[in-house]
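Residue-level structural notes
This is what each chain is made of:
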Amino acid sequence: MQTPRLADLPPAEGGWMEIDTQAQRLRWWQGSELKHECAVSTGKAGVGQEEGSGRTPLGWHYVRAAIGDGLPEDAVFRGRRWTGEVYSAGLAAVFPERDWILTRILWLCGLERGINRGGRVDSQRRYIYLHGTPPDQPMGVAVSHGCVRLCNADLLWLFQQAPPGTPVWLH
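Residues numbered from 1 in each chain as written. Predicted model: local features only at pLDDT ≥ 70, side-chain atom pairs only at ≥ 80, totals over all residues. Heavy atoms only, no water.

1. Digging into the overall build of the protein
- A count of helical and extended segments in the protein gives two helices and ten strands.
- Traced from its N-terminal end to its C-terminal end, the protein shows the element sequence β-β-β-β-β-β-α-β-β-β-α-β.
- What you see for the protein is a C-alpha radius of gyration of 15 Å, in line with the 16 Å of a compact globule of 171 residues.
- If you line up the protein on its principal axes, its C-alpha atoms span 50 × 30 × 30 Å.
- The buried share of the protein, reckoned over its 171 residues, is 49%. (Helix = DSSP H or I, 4+ residues; strand = E, 2+ residues; numbered from the N terminus. Rg over C-alpha atoms; globule rule 2.2 N^0.38 Å. Buried < 20%, exposed > 50% of the residue type's maximum accessible area, 1.4 Å probe, protein only.)

2. Quick look at the pattern of salt bridges
- Per the counting criterion, the structure on display carries ten salt bridges.
- R120 is the partner of E50 in a salt bridge, and the nearest nitrogen-oxygen pair spans 2.8 Å. With E50 in the loop between β3 (33-39) and β4 (59-67) and R120 in the loop between β7 (102-110) and β8 (129-132), the pair connects residues that are 70 residues apart, well separated along the chain.
- Judged by relative accessible area, which is 48%, R120 ranks as partly exposed. (Salt bridge = Lys/Arg side-chain N within 4 Å of Asp/Glu carboxyl O.)

3. Points about the pairing of strand β10 (residues 167-170)
- In this sheet, β10 lies alongside strand β1 (residues 15-20) in parallel orientation, the contact comprising three bridges. Note that in β10 the partner of E18 across the bridge is W169.
- Where β4 meets β10, four bridges bridge the pair, whose relative direction is antiparallel. Residue pairing for β10: Y62 is matched across the bridge by P167. (Pairing = 2+ DSSP bridges.)

4. Comments concerning the packing of aromatic side chains
- Under the criterion given, the structure shown has seven aromatic pairs.
- Centroid distance Y87 to W100: 5.0 Å. Interplanar angle 75°. Geometry classified as edge-to-face. Of this pair, Y87 sits in the loop between β6 (81-86) and α1 (89-94) while W100 sits in the loop between α1 and β7; the two residues are 13 residues apart in sequence, bridging distant segments of the chain. Per residue, the accessibility class of Y87 equals that of W100, and both read buried.
- Seen in terms of ring centroids, W107 and Y129 are 6.1 Å apart; in terms of plane orientation they differ by 85°. Their pairing is edge-to-face. In this pair, W107 sits in strand β7 while Y129 sits in strand β8, placing the two residues 22 residues apart along the sequence. Here W107 and Y129 have matching classes, each one buried.
- Members of the aromatic cluster, joined through ring pairs, are W16, W29, W60 and W169.
- The ring of F95 has R98 lying over it, and the distance from NZ or CZ to the ring centre is 4.1 Å. (Phe/Tyr/Trp six-rings, centres within 6.5 Å; stacked < 30°, edge-to-face > 60°. Lys NZ or Arg CZ within 6 Å of the ring centre and 35° of its normal.)

Here is the structure:
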């Protein structure tokens, strides 16, 4: 994996993601050509960089790690590890307050010192992910705890397109 350089973003060729927090949309670009667009859910508390804020960070990031390849759809993650559980309505009834992280994780790392990298604004240390969510959760509405939630179909597609090192622009 090669870490992208800010001076080279957005890439003229190659895949990258744009996440529009106002529109609650993710766009997958191949260079300057739009290839895929879907609804997402970002932070209910809005946008912001500060650790513990519950807000979605802005700026240029990249996919630091892709977690969950080969696991079943709706695999349940805690601490970036599969619990061995697969999400169901019955499991949700047992744990009604759990913030479900499902199916796959694309863990983000900030590229901009003092904005989303380092100190109390470090997106990776804040555990900011793109991840799956239960099917009854709304898309296109900001309701997450700071991460970017996607429906399973979009997440599984994106997981195949976005290996570690893929640039991600949150704005």
